[in-house]
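Below are the chains, spelled out letter by letter.
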Amino acid sequence: MENRFLITLEGLGALLAELKGMGRTLIGPVVRDGAIVYDEITGLRDLPAGWGDVQEAGRYRLEKRDDGALFAYNSSPMAWKRFLHPPALTLWKARRRDDGFRIESEAQAPPLHAFIGVRACDLRAIAIQDRVLMEDRFRDPHYAARRRDVFILAAQCAQAGNTCFCASMDSGPRATQGFDLALTELLHPEHRFLLEVGSEAGGRLLSRVPHQVAGEADWAAALQATENARAQMGRHVDTRNIKTLLYGNAEHPRWEETAQRCLACANCTMVCPTCFCTAIEDHTDLEGSEARRVRHWDSCFTSQFSHIHGGVVRAGIASRYRQWLTHKLASWQDQFGTLGCVGCGRCISWCPEGIDITEELAVIRAQDQNGAGEDA
Amino acid sequence: MTLDRRPRLAVWKFASCDGCQLSLLDCEDELLAVADAIEIAHFPEASRRSVEGPYDLSLVEGSITTPRDLERIREIRGISRTLVTIGACATAGGIQALRNYADIKEYMSIVYAHPEYIDVLARATPIADHVPVDFELRGCPVNKQQLLEVVNAFLNGRPPAIPNYSVCLECKRRAAVCVMVAHGTPCLGPVTQAGCGAICPGFTRGCYGCFGPQDTPNTESLAQAWLRAGKSGAEVARVFHTFNCGAEPFASTGKRHDPNHQG
Ligand code: SF4
Ligand code: SF4
Ligand code: SF4
Ligand code: SF4
């Protein structure tokens, strides 16, 4: 079966137009306020042609490129979870009546989305959130409703950023599943896209735009692109025995040292594509005749997150940073059977203090308190 | 004549600019609902009519700056079942607390022709320094929605949903691009309490800290980051010493880096 095709730049434009014509809202990369963020796009012309990014711990800058590439940037400050697991959502309303009160669902049919340019790390992150929010004992109907019909056009990475480490987490750089279509942008000798079909819906869409079967040379060029990205990974993590390493180093002095720097601002969890925690707020109207239950993103870096009867459990910043990192890489495995980190590097770039999860892990491994990370 | 059983609200002013009270007046539509649900018994900014206390809910704006203020706040506490302070002046001393870092006599001699007529305390202080306060609503000025939320919560006997985490959570929820990371612009968001909806970062400006310190504010780490980025100690001090200069740890962090306070 033929699975690899080529389309031109115009072909990509036609493909986006087809998706739009099917009633889908296209969400894709756009340049806004000095970063590439995901927002509604109308078509090809909104994509960040000729823009790349340079990322470091606590630093992000756009950089102009002279090749007109559309997908030559890396992790965006925004994760796709914004559109599947919204930052704020009214869950239901209750109205007082003579005989008690009545609950009114607030759920509205979510928009039919197409995601344009999803990277391998983020595909893995979506799969992880699927596991947490749909495939566990409690199913989040709001997530499920948004997730069910989304169309995913993935973009294979042809370069990696300084804060990327998907190769260490085995989530990239080459996406092999979780998409309807996956494109690899090829710039030479002419601007074109190699497309891999990942689902029936993807195949049907492709059949509606001009395309041709890709040759061996094109496929080799596409594989080379992701290999280049692999070679460029700016960060690395040694994941061997990482669960026992972290469990065995709960009292490591590094937690307190990092807490001197950590601002408990929660940016790392807001940008993380797998973090899923939310808090519930109840509101009433002034007459007390209507109540509203609202859910929004929360974070283990806030004090109220660990507030239970009697007080806050994680009062200090060290315990919050430890909770975050330990959940991502150790207790996540116990809870959901995978690592909770996909190596997108967002938490490194978007930490205002530049705290680097890979550096923290390296220090803890290098100063392993009791051989917890060693092979048994 | 039927007895008015609606809860009685009073609004009081101390040293302040009136901006927070104006937020209440600014609740145009909602105010009608407020007026239905509660009796606005004392609110000189809105009406000359004043009903005697006691009051179910007193909203207090402004800081304590004169000996007369001291007497008055005790009287008000005595006739208020619930007392909520609103705004940076009432909760932290306000911009006028900057004088706490200087010699008030010297200021008076510069500003007033006859300083001997001025009867003022050496320090501008928050209400909670003098009487028990049931809830402190932050902001310079307070956020209108939060103000309604607090009034509403007290009317309905539930805790107000006022978060005390950082502005960054609101900033990310509204999908603003971080100005510190993407532009190198200093921002007080990480150490400041949410409440405004991250207005300034939403317009690519750094946060000015209007809502005072969040509940776990690592101000020293942020100060060090700015020093590393080339800011001077005086600049760091100025950033921390604005509307919430009286609130810890903005107060001490600002002081620590102010060259005029060394030694
Ligand atoms: S922990 Fe950091 S690198 Fe890992 S998935 Fe989350 S944001 Fe990405
Ligand atoms: S790291 Fe923290 S915010 Fe993220 S999922 Fe775990 S507990 Fe939730
Ligand atoms: S690690 Fe960085 S982003 Fe996360 S809470 Fe600490 S300072 Fe904020
Ligand atoms: S712009 Fe300011 S408030 Fe927003 S995330 Fe960055 S540091 Fe926090």
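Novice: So, the overall build of chain B: which residues are in play, and what are the values?
Specialist: A count of helices and strands for chain B gives twelve helices and five strands. In terms of overall dimensions, chain B is globule-like: its C-alpha atoms have a radius of gyration of 20 Å, near the 18 Å expected for 263 residues. Expressed as lengths along the three principal axes of its C-alpha atoms, the size of chain B is roughly 70 × 55 × 25 Å. Taken over 263 residues, chain B has a buried fraction of 52%.

Novice: Quick one: what's the story with the nonpolar core, residue by residue and with numbers?
Specialist: Core analysis: the largest hydrophobic core is formed by 91 residues, its most contacted members being L15, F71, F115, I116, L153 and W350 of chain A. By residue number, the principal contributor to this core is helix α3 (residues 120–133) of chain A, which donates eight residues. Apart from residues no more than four positions distant in its own chain, F115 of chain A is found in contact with I27, W80, F83, L84, V150, F151, I152 and L153 of chain A. If you look at the next biggest cluster of nonpolar residues, it comprises 36 residues, including W297, W324 and L361 of chain A together with A194 of chain B.

Novice: Mind laying out the pairing of strand β2 (residues 25–32) of chain A, listing which residues take part and the relevant values?
Specialist: Consecutive residues of a regular strand have side chains that alternate between opposite faces of the sheet. Residue and element names in this part refer to chain A. Across three bridges, β2 lies against strand β8 (residues 113–118) in parallel orientation. Within β8, the position partnered with T25 by the bridge is H113. Here β2 runs beside strand β3 (residues 35–41); their pairing, made up of seven bridges, is antiparallel. Following the sheet pairing, P29 is matched in β3 by Y38.

Novice: Explain the environment of L133 of chain A residue by residue, including any values.
Specialist: Residue and element names in this part refer to chain A. With respect to the element layout, L133 can be found in helix α3. With 161 residues separating them along the chain, L133 and V294 place their C-alpha atoms 18 Å apart. Setting aside anything within four residues of it in sequence, one finds L133 in contact with H85, F138, R139, D140, Y143 and F276.

Novice: Help me get a handle on the site of ligand 3, residues and values and all.
Specialist: If you check the shell around ligand 3, you find C262, L263, A264, C265, A266, N267, C268, F301, Y321, C351, P352 and I355 of chain A and nothing else. Classifying every residue of the shell around ligand 3 by side-chain character gives eleven nonpolar, one polar and no charged.

Novice: Quick rundown of the sheet that holds β8 of chain A? Include the residues and the values.
Specialist: All names here are of chain A. Taken in spatial order, the eight strands line up as β3-β2-β8-β9-β10-β11-β1-β12 in an open sheet, and their pairing is mixed. Looking at the sheet topology across the chains shown, the edges are occupied by β3 and β12 (212–213). Its contacts with the sheet put helix α6 (residues 200–207) on β1 (4–8), β9 (151–155), β10 (181–186) and β11 (192–197), and the angle it makes with β11 is roughly 140°.

Novice: So what's going on with the interface of chain B and chain A? Residues and values would help.
Specialist: Opposite the 40 residues of chain B that make contact, chain A presents 46 residues. Contact with chain A buries area across many residues of chain B, yet K172, R173 and V181 of chain B alone supply 22% of it, more than any other trio. Residues R228 of chain B and E353 of chain A are paired through a salt bridge, measuring 3.3 Å at the closest nitrogen-oxygen approach. At the junction of chain B with chain A, the criterion picks out 25 residue pairs in polar contact (both at pLDDT 80 or more).

Novice: Quick rundown of the side chain of T192 of chain B? Include the residues and the values.
Specialist: All names here are of chain B. The topology assignment puts T192 in the loop between α8 (179–183) and α9 (199–202). T192 gets classed as buried once you look at its relative accessible area, which sits at 1%. Of note is the side chain of T192, whose polar atom sits 2.7 Å from the backbone oxygen of L188. Those residues in contact with T192 that sit more than four places away from it in its chain are Y165, S166, V167, C207, G209, C210, F211, G212, P213, Q214 and F250.

Novice: Got a sec to walk through the domain arrangement of chain A? Specific residues and values, please.
Specialist: By convention, interface size is frequently given as the accessible area that disappears when the constituent parts associate. Residue and element names in this part refer to chain A. Considered domain by domain, chain A is made up of domain 1 (4–86 + 96–231) and domain 2 (242–366). Contacts between the two partners involve 36 residues from domain 1 and, on the opposite side, 32 residues from domain 2. Of the roughly 2,700 Å² buried between domain 1 and domain 2 on both sides combined, carbon and sulfur atoms contribute 58%. One can count two salt bridges joining domain 1 with domain 2. Between R346 and D122 there is a salt bridge, with its nearest N and O atoms 2.8 Å apart. In this structure, the connection of domain 1 to domain 2 is made through 26 residue pairs in polar contact (both at pLDDT 80 or more). Among the elements of the structure, β3, β4 (51–56), β5 (59–64), α2 (81–84), α3 and α5 (166–169) are those that each provide at least two residues to the side of domain 1 that touches domain 2.

Novice: How would you explain the sheet that holds strand β3 (residues 55–61) of chain B if you had to name every residue and give the values?
Specialist: All names here are of chain B. One open sheet accounts for five strands, arranged β2-β1-β3-β4-β5; its pairing is parallel. Sheet topology places β2 (39–42) and β5 (135–137) at the edges, where each strand pairs with a single neighbour. Each neighbouring strand pair of the sheet contributes to a mean axis angle of 30°, computed without reference to strand direction. With five bridges connecting them, strand β1 (residues 8–13) and β3 associate as parallel partners. Following the sheet pairing, W12 is matched in β3 by V60. The sheet strands contacting helix α3 (residues 67–78) are β1, β3 and β4 (80–86), and the helix crosses β4 at an angle near 130°. Sitting on the sheet, helix α6 (residues 144–155) is in contact with β3, β4 and β5, with an inclination near 160° to β5.

How each quantity is defined
Residues numbered from 1 in each chain as written. Chains lettered and ligands numbered in written order. Predicted model: local features only at pLDDT ≥ 70, side-chain atom pairs only at ≥ 80, totals over all residues. Heavy atoms only, no water. Helix = DSSP H or I, 4+ residues; strand = E, 2+ residues; numbered from the N terminus. Rg over C-alpha atoms; globule rule 2.2 N^0.38 Å. Buried < 20%, exposed > 50% of the residue type's maximum accessible area, 1.4 Å probe, protein only. Core = buried A, V, L, I, M, F, W, Y, C linked by side-chain atoms within 4.5 Å. Contact = heavy atoms within 4.5 Å. Pairing = 2+ DSSP bridges. Near = heavy atom within 4 Å. Nonpolar A, V, L, I, M, F, W, Y, C, P; charged D, E, K, R; others polar. Axes fitted to C-alpha atoms, helices over the stretch in contact; angles between N-to-C directions. Buried area = accessible area lost by both parts, 1.4 Å probe. Salt bridge = Lys/Arg side-chain N within 4 Å of Asp/Glu carboxyl O. Polar contact = N/O pair within 3.5 Å; in protein donor to acceptor, adjacent residues only side chain to side chain. Domains from an automatic or database assignment.

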